Amino acid sequence: KSTSWISEDDFYRPPREQPAESPSHDSVASPRGTPEPRPGLLTQGPRRSCSMEALDKACVPSLGSRRSKAAPTPEHKNFRVVHRRQMGLSNPFRGLLKLGTVERRGAMGIWKELFCELSPLELRLYLSGEEHTCVENCSLLRCESVGPAHGDGRFELVFSGKKLTLRSSCRDEAEDWLDRVREALQKCRRPQQEEEWVTIQYPDQPEDPPEAPQGGCASHSDLLSETPETPQGPQFDWSSSQVPEPDAIKESLLYLYTDRTWMPCIFSLSLESLKCFRVRNNEKMLSDSHGVETIRDILPDTSLGGPSFFKIITAKAVLKLQAGNAEEAALWRDLVRKVLASYLETAEEAVTLGGSLDENCQEVLKFATRENGFLLQYLVAIPTEKGLDSQGCFCAGCSRQIGFSFVRPKLCAFSGLYYCDVCHQDDASVIPARIIHNWDLTKRPVCRQALKFLTRIRAQPLINLQLVNVSLYEHVERMHLIGRSREQLKLLGDYLGLCRSGALKELSKRLNHRNYLLESPHKYSVADLQQIADGVYEGFLKSLIEFASQHVYHCDLCTQRGFICQICHHHDIIFPFEFDTTVRCGECKTVFHQSCQAVMKKGCPRCARRLKYQQQSTLA
């Protein structure tokens with residue numbers, strides 16, 4: 001009932017070997033006449049697998065070697081560990097390098113306690129050790145830097161596009177976490193330099209092979225023969241005389257593990273896809289194609305036989321590959337990672353528009369595009385149809401072969417790619433990019449992937465019209481009125497945000513989870529644009545403006561933040577959100593009456609005074 005995952009039963013110490021008294025081949029006679037077991041063979045002991053018994057028999061020294069050794073065998077010989085699976089117990093570490101409780105600093109500087117697991121390839125954060133709800137999963141292959149440990153136990157881990165600030169119980173614990181992370185980084189990035197391959201020399205087998213143990217268990221050699229043979233470099237022909245593809249960054253011959261055999265294939269890597277060709281009659285025939293957007297990761301896989309092996313993880317399959325040598329495999333891994341990083345940067349730049357999205361929108365965007373991240377680039381840009389031949393006559397969703405002689409291809413109006421009849425079932429949806437640039441709200445057929453993507457982001461403010469297409473306010477009269485109302489609401493939100501009466505909370509309830517309306521007047525969601533076209537959005541904004549303006553006019557705190565016209569000096573209080581009667585200076589943000597500003601042709605009097613004071617201070 002112990003909570004520890006290691007117990008005394010996990011270790012077995014064999015008894016001391018007795019010196020042989022007779023050269024009997026099977027056993028040694030004891031004083032009582034009972035046969036003693038042969039050294040190295042155990043008649044009884046803890047539970048163990050049949051392969052362990054066969055390995056014990058295979059490792060028994062020969063008779064001649066036993067005679068030449070007069071010294072007794074040390075006590076630690078033939079130590080074994082009983083696997084917890086055989087005892088019905090589980091191992092909580094599951095191949096982890098370290099686990100424990102740490103604190104993570106949030107966006108507001110608040111520390112939250114989380115349960116952390118460090119595996120050879122990932123760093124995972126959970127809500128608690130009992131409730132395994134993952135809140136963060138970071139691949140160590142994306143780790144850029146490891147910060148130093150501070151005196152209070154703080155340390156930082158920087159990943160691509162993400163920074164984790166963690167805190168452990170003390171500085172020593174933080175240094176231990178950093179040491180484990182550095183160790184994992186070295187192993188997963190340079191496995192070919194740190195792995196040492198040792199050929200195990202088994203002792204000579206006796207002339208009479210040991211009989212198979214009872215119960216039908218196979219011997220150790222039989223078990224090894226069942227494992228698929230690991231290919232060796234000299235058995236394969238690595239020469240290739242094929243002409244590379246015009247857009248290929250890297251193209252070479254690799255062996256692909258499929259159907260329990262290693263097949264020679266020519267892999268061609270470009271900025272858009274990873275293509276697999278098979279050579280027939282000295283001609284390259286396209287066998288499969290994986291878009292760069294479907295590639296999840298590329299990792300070394302020395303378990304297949306050496307440092308020249310690696311695997312590419314895509315959305316639909318895991319490709320196990322072998323290169324000619326370790327340097328060639330490392331070059332492939334480096335180029336695939338660079339192409340993938342270039343694609344991710346381009347897609348993120350296309351959507352975030354140079355970082356115009358705030359942290360909340362970026363988190364929502366990452367959650368919504370975990371599976372369909374390649375669709376980001378089509379959100380604000382009208383796609384260009386490239387033709388079925390650019391896809392190699394494969395479905396963009398499931399890689400099923402499509403064409404007029406196979407399955408009729410269907411065009412997705414959102415991405416401009418072709419799909420089969422399973423991935424494209426003629427679902428209709430508006431295309432956000434066509435709304436932004438052409439004010440076209442026609443529903444067009446889209447694939448299942450695009451429909452799922454559009455459903456997830458429908459209510460998220462991912463479109464900034466000021467950066468994408470600001471001319472839409474000029475060409476569409478309804479958008480001009482909406483833009484004017486949005487600016488009014490933004491100014492009213494600034495007043496209510498400084499008021500201590502709690503009016504902002506009431507306004508937030510009326511916003512119906514659209515708090516971005518108070519942050520920027522140019523952020524829209526797909527649902528907003530559809531409601532604007534339907535004529536519903538304008539009435540919604542007017543009700544919000546009416547509520548907020550009435551509060552400002554009747555609130556003592558808000559009226560004190562109003563303005564007095566510095567041209568006519570009338571005692572009436574004016575506000576910047578009164579677009580019909582007031583005007584605002586673009587430099588100092590001072591508010592004047594429109595009629596007074598029209599008469600005053602010298603410009604803003606406050607800016608003139610500020611300039612005069614600056615000149616006087618310069619002369620002084």
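Residues numbered from 1 in each chain as written. Predicted model: local features only at pLDDT ≥ 70, side-chain atom pairs only at ≥ 80, totals over all residues. Heavy atoms only, no water.

(A) Fine view of the packing of helix H12 (residues 477-498) against helix H14 (residues 526-534). Interhelical geometry of H12 versus H14 gives an angle of 120 degrees and a closest axis separation of 10 Å. Every pair of crossing elements has a handedness; the one defined by H12 and H14 is right-handed. For the pair formed by H12 and H14, the contact residues are Arg-478, Met-479 and Ile-482 on the first element and Ile-532, Ala-533 and Asp-534 on the second. Its residues placed into classes, the contact of H12 with H14 shows 4 nonpolar, no polar and 2 charged. (Axes fitted to C-alpha atoms, helices over the stretch in contact; angles between N-to-C directions. Helix = DSSP H or I, 4+ residues; strand = E, 2+ residues; numbered from the N terminus. Left-handed = near helix turned anticlockwise from the far one by under 90°. Contact = heavy atoms within 4.5 Å. Nonpolar A, V, L, I, M, F, W, Y, C, P; charged D, E, K, R; others polar.)

(B) Representation of H12 within the structure. End to end, H12 covers 33 Å across 22 residues, agreeing with the expected 32 Å (1.5 Å per residue, within 8%). For H12, the set of buried residues is Met-479, Ile-482, Gly-483, Ser-485, Arg-486, Gln-488, Leu-489, Leu-491, Leu-492, Gly-493, Tyr-495 and Leu-496. (Expected span 1.5 Å × (residues − 1). Buried < 20%, exposed > 50% of the residue type's maximum accessible area, 1.4 Å probe, protein only.)

(C) Structural view of the nonpolar core. Core analysis: the largest hydrophobic core is formed by 63 residues, its most contacted members being Phe-414, Phe-453, Leu-465, Met-479, Leu-517, Tyr-524 and Val-552. It is H12 that contributes the most residues to this core, 7 residues altogether. Every residue in contact with Val-552, bar those within four places of it in the chain, is listed here: Leu-492, Tyr-495, Leu-496, Cys-558, Thr-559, Phe-575 and Phe-577. One finds Phe-159, Trp-177, Leu-178 and Ala-184 within the second-largest nonpolar core, a separate group that totals 24 residues. (Core = buried A, V, L, I, M, F, W, Y, C linked by side-chain atoms within 4.5 Å.)

(D) Main features of the confidence of the model for the chain. Confidence in the prediction for the chain averages 75 pLDDT; 71% of positions are at 70 or higher. Low confidence marks residues 21-79, where pLDDT is under 50. Its contacts with residues over four positions away, or in another chain, come to 69 contacts. Segment residues 212-229: pLDDT under 50, and 14 contacts once partners within four positions in sequence are set aside and those in other chains are kept. (pLDDT = per-residue confidence, 0-100.)

(E) Examining the sheet that holds strand S13 (residues 261-269) more closely. Reading across from one edge, S15-S14-S13-S12-S18-S17-S16 is the order of the 7 strands in this open sheet, with antiparallel pairing throughout. Single-partner strands in this sheet number two, and they are strand S15 (283-291) and strand S16 (295-300). Adjacent strand axes in the sheet meet at a mean angle of 35 degrees, parallel and antiparallel pairs treated alike. Sheet analysis places S16 next to strand S17 (residues 309-314), joined by 5 bridges and oriented antiparallel. Paired with Ile-298 across the bridge in S17 is Ile-312. (Pairing = 2+ DSSP bridges.)

(F) Molecular detail of the environment of Ile-436. Summarising the element assignment, Ile-436 is placed in helix H8 (residues 432-438). Looking at Ile-436, the relative accessible area reads 0%, which means it is buried. In the structure, Ile-436 is positioned 34 residues away from Val-470 in sequence and 9.4 Å away in space, judged by C-alpha atoms. With near-sequence residues (within four places) excluded, Ile-436 lies in contact with Leu-379, Val-380, Ile-463, Leu-465, Val-468, Asn-469, Leu-472 and Leu-529.

(G) Region of interest: the packing of aromatic side chains. Within this structure, the stated rule accounts for 10 aromatic pairs. Aromatic side chains Tyr-553 and Phe-577 sit 6.0 Å apart centroid to centroid with 45 degrees between the ring planes, which places their arrangement in the tilted category. One end of the pair, Tyr-553, is in helix H15 (residues 537-554); the other, Phe-577, is in the loop between helix H16 (556-559) and strand S25 (582-584), and 24 residues separate them in sequence. Judged by relative accessible area, Tyr-553 falls into the partly exposed class, the value being 36%. Judged by relative accessible area, Phe-577 falls into the buried class, the value being 3%. An aromatic cluster is present here, built from Tyr-495, Tyr-553, Phe-575 and Phe-577 joined pairwise through their rings. (Phe/Tyr/Trp six-rings, centres within 6.5 Å; stacked < 30°, edge-to-face > 60°.)

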